[in-house]
Protein chains: 2
Amino acid sequence: MTLNHKTLLAMLALGALSACSTPCGHLSDGPLQIAKQGSFAVGGTVLTTPGVYDNNRPSAQGQTFHGDHIYAFYQVPAQPRALPIVMLHGAFQSARTWETTFDGREGFQTLFLRRGYPVYLVDQPRRGRAGNSTVAGTIEPAPNDQLFFDQFRLGKWPAYFDNVQFDRQPETLNQAFRSLTPNTGPFDAGVISDAMAALFDKTGPGILFTHSQAGGPGWLTAIKSDKVQAIVALEPGSGFIFPTGELPPELPSAAGTLKAEAVPLADFEKLTRIPIVLYYGDNFPTEPTAERGQDNWRVRLQMARLWVAAINRHGGDARLVHLPEIGIRGNTHFLMSDLNNVAIANLVSAFLAEKKLD
Amino acid sequence: MTLNHKTLLAMLALGALSACSTPCGHLSDGPLQIAKQGSFAVGGTVLTTPGVYDNNRPSAQGQTFHGDHIYAFYQVPAQPRALPIVMLHGAFQSARTWETTFDGREGFQTLFLRRGYPVYLVDQPRRGRAGNSTVAGTIEPAPNDQLFFDQFRLGKWPAYFDNVQFDRQPETLNQAFRSLTPNTGPFDAGVISDAMAALFDKTGPGILFTHSQAGGPGWLTAIKSDKVQAIVALEPGSGFIFPTGELPPELPSAAGTLKAEAVPLADFEKLTRIPIVLYYGDNFPTEPTAERGQDNWRVRLQMARLWVAAINRHGGDARLVHLPEIGIRGNTHFLMSDLNNVAIANLVSAFLAEKKLD
């Protein structure tokens, strides 16, 4: 039987609803039952300055510096499912991105705990509580709130999109802006994915959720670690990797030109071992436009479609869900924090059930 | 009846033990019952660049920047006690300092949740997940691990103190070093205490725990907010404030000179409204020594004693507990993470019970 794209998507949407009946035992609003919680650092490197340390007249000589690790906070619910979920934030974000929604409701951290998954939240190397960077950095208070408003597809500043799944209380926008936190050193997908692979060595087999800029480090993590059993990528926007010699053309937009990156075929093929799903929200233009915030995403979605096709052409199992195509409208770049984030979580649960990862 | 200092301290130690029988219902190793958890930003300021924002050719013009807020993660247990505990970390630390101990056991976050307190963990402005600083900063990978080993009173690098309450597995030290995370802008006790006061406006009346450098911002928070009902200060080391005209002499040490800071008498007197307890660990020298890491703490303890005396002279209720004086030996600068951290938590519980704050 051959199913076309729309039929598959419709089935997926129904699956999302029916899957809810299975894990609903975990969906109560009652107290969370947490068997264990805590935090740790993992991965990273050590810099050593030559010389002998003088305890009473200390200088750099003979001292070390620990940096480029991940910070992770984990919670294991009572009667946990077998596979934990590891959540990796996007640009200018920290693990905070998965906690409370900007409007104060439960985010993916707590929603998936309620569904029985152990949840690991990460601050990537050189961000948040993992701020010790082995490379120096300068931090400026760059005023970019309005640019982010556009780029997060809340609307075209100062107007919200009519259908936007974002609460319009000023405090909600305040929380969104204050969720931003800077890099403490250069962004480095290699450093991040090295530390993420070390994290998966510690957690054992698990499911990786990524958001936005974490898409690229996410693919690299699955190449470096066979512990990654699936990837759920929310609006990956950069770091799309293709086999050497199979790079798609550059994609110009009003926000700049998006380029794919080359990796050896053997690495790329490691991504064909596992199920991967990519979700994208609403208000993407279909034709080029001068609206920078939206046009930025037009080419990222286009690149994502080319990437999914490449994975599947090489025998993989990747799927792209553009939410408006299955009747889910108004989502911003922060799907996991939007007003309908429970519906998005239900879609993800259905995907995990379909792939027998729950 | 007049009790001398030692008798009071001995009673306090006994109280710590007997108090354990009261909250022991919360002390089980079973699953935590979490009624609610989440995170938010609070306090801070907004910078605005003059001009008109151009959505399609964005520059700084007409844009804003949100910074200098606190990031807080909270958990409310089922059947909570009335007063929450807010925990503020020290220098080079984040809220991580209160989570898992360096050797992997439950830290004060989870211990006090088990004892029924709602717990708020803070990343202060310009640190960790609250990295958006309104003032620029440069971050260098400064090699200081060996200096910190000495300054945290683990021992004299590379040797541990014989009696140290610190697990000697290499991974434990690795976790301690990787708990460090830099400032993303200048340390500013005024900015921190402003945001902390805003946090207490949100939580309502509560108990403030501070560690190390947070001592100073902690006193300022209690001056700015009448919601602070008590302060439990673990090894406050700087920011000791005295009424103008009552400053103690500067205290020189092998690690530099420690100076008190002046505040108006009316502000100082606000600290006499609430019970305050300060705890200090072991391996403080009693006489000046060339050992920098230890001598640093000799003068901080000395200043703390002067400060407690000043609070009490003005009618306040401050107490300094030097743990070796009540028979508790080997504690490092990180009392809440030491091998005997449950005993330290028991002391704190007894203090809160004595002050009817539980």
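Our subject is the structure listed above.
Residues numbered from 1 in each chain as written. Chains lettered and ligands numbered in written order. Predicted model: local features only at pLDDT ≥ 70, side-chain atom pairs only at ≥ 80, totals over all residues. Heavy atoms only, no water.

Focus: the overall build of chain A
Alright, step 1. On a plain count of helices and strands, chain A comes out with 9 helices and 17 strands.
Alright, step 2. Each principal axis of the C-alpha distribution contributes one length, and for chain A these read about 70 × 50 × 50 Å.
Alright, step 3. Expressed as a percentage of the 358 residues in chain A, the buried residues total 61%.
Alright, step 4. The long-range share in chain A, meaning contacts at least 24 apart out of those at least 6 apart in sequence, stands at 73%.
Alright, step 5. Surface accessibility of chain A: about 12800 Å² in total, with carbon and sulfur atoms responsible for 54%.
Alright, step 6. Positive and negative side-chain charges of chain A, numbering 30 and 32 respectively, have mean locations separated by a distance of 3 Å. (Helix = DSSP H or I, 4+ residues; strand = E, 2+ residues; numbered from the N terminus. Buried < 20%, exposed > 50% of the residue type's maximum accessible area, 1.4 Å probe, protein only. Contact = heavy atoms within 4.5 Å. Areas by Shrake-Rupley, 256 points an atom, 1.4 Å probe, with all protein chains shown as cover. Lys, Arg positive; Asp, Glu negative; His and termini not counted. Charge placed at Lys NZ, Arg CZ, Asp CG, Glu CD.)

Focus on the packing of aromatic side chains
Alright, step 1. Enumeration according to the criterion identifies 41 aromatic pairs over all chains in this entry.
Alright, step 2. Each ring, one from Phe 149 of chain A and one from Trp 157 of chain A, has its centre 5.0 Å from the other, and the planes form 85 degrees; the classification is edge-to-face.
Alright, step 3. Looking at Trp 157 of chain A, the relative accessible area reads 25%, which means it is partly exposed.
Alright, step 4. Geometrically, the ring pair formed by Phe 108 of chain B and Phe 209 of chain B is edge-to-face, given 6.4 Å between the ring centres and 70 degrees between the ring planes. Taken as a pair, Phe 108 of chain B in helix H2 (residues 108–114) and Phe 209 of chain B in strand E10 (residues 206–211) lie far apart in primary sequence, 101 residues in all. Comparing Phe 108 of chain B with Phe 209 of chain B shows no difference in burial state: the two are buried.
Alright, step 5. Members of the aromatic cluster, joined through ring pairs, are Phe 92, Phe 102, Phe 148, Phe 149, Phe 152, Trp 157, Tyr 160, Phe 166 and Phe 334 of chain A.
Alright, step 6. Of note, Arg 81 of chain A hangs over the ring of Tyr 117 of chain A, and the distance from its end group to the ring centre comes to 4.9 Å. (Phe/Tyr/Trp six-rings, centres within 6.5 Å; stacked < 30°, edge-to-face > 60°. Lys NZ or Arg CZ within 6 Å of the ring centre and 35° of its normal.)

A word on the relation of the copies chain B and chain A
Alright, step 1. Expressed as a screw operation, the relation of chain B to chain A combines 0.0 Å of axial shift with a rotation of 180 degrees, fitting to an RMSD of 0.0 Å. Within this description, the copies of the chain are treated as partners about a two-fold rotation axis.
Alright, step 2. The residues that chain B uses at the interface reappear at the interface of chain A in 100% of cases, marking a shared surface. (Least-squares fit on C-alpha atoms with pLDDT ≥ 70 in both.)

What to know about the layout of surface pockets
Alright, step 1. Of the volumes computed, that of the largest pocket is approximately 570 Å³.
Alright, step 2. As for the largest pocket, its lining consists of 31 residues, of which Ala 91, Phe 92, Phe 148, Leu 180 and Gln 213 of chain A are closest to the centre.
Alright, step 3. Empty space within the second largest pocket amounts to approximately 360 Å³.
Alright, step 4. Those elements that provide at least two residues to the lining of the second largest pocket are helix H3 (145–151) and helix H8 (292–313) of chain B. (1 Å grid on protein atoms, 1.4 Å probe; cavity = no way out; pocket = protein on both sides within 12 Å on 5 of 7 lines; lining within 4 Å. Points joined across faces, edges and corners; volume = space filled by probe spheres on them.)

Considerations on the interface of chain B and chain A
Alright, step 1. Taken together, the contact pairs 75 residues of chain B with 75 residues of chain A.
Alright, step 2. In this structure, Glu 99 of chain B engages Arg 129 of chain A in a salt bridge whose closest nitrogen and oxygen atoms are separated by 3.3 Å.
Alright, step 3. Considering only residue class, the side of chain B that touches chain A consists of 30 nonpolar, 34 polar and 11 charged.
Alright, step 4. Here strand E7 (residues 137–139) of chain A pairs with strand E7 (residues 137–139) of chain B via 3 bridges, running antiparallel. Looking across to E7 of chain B, one finds that Gly 137 of chain A is bridged to Ile 139 of chain B. (Salt bridge = Lys/Arg side-chain N within 4 Å of Asp/Glu carboxyl O. Nonpolar A, V, L, I, M, F, W, Y, C, P; charged D, E, K, R; others polar. Pairing = 2+ DSSP bridges.)

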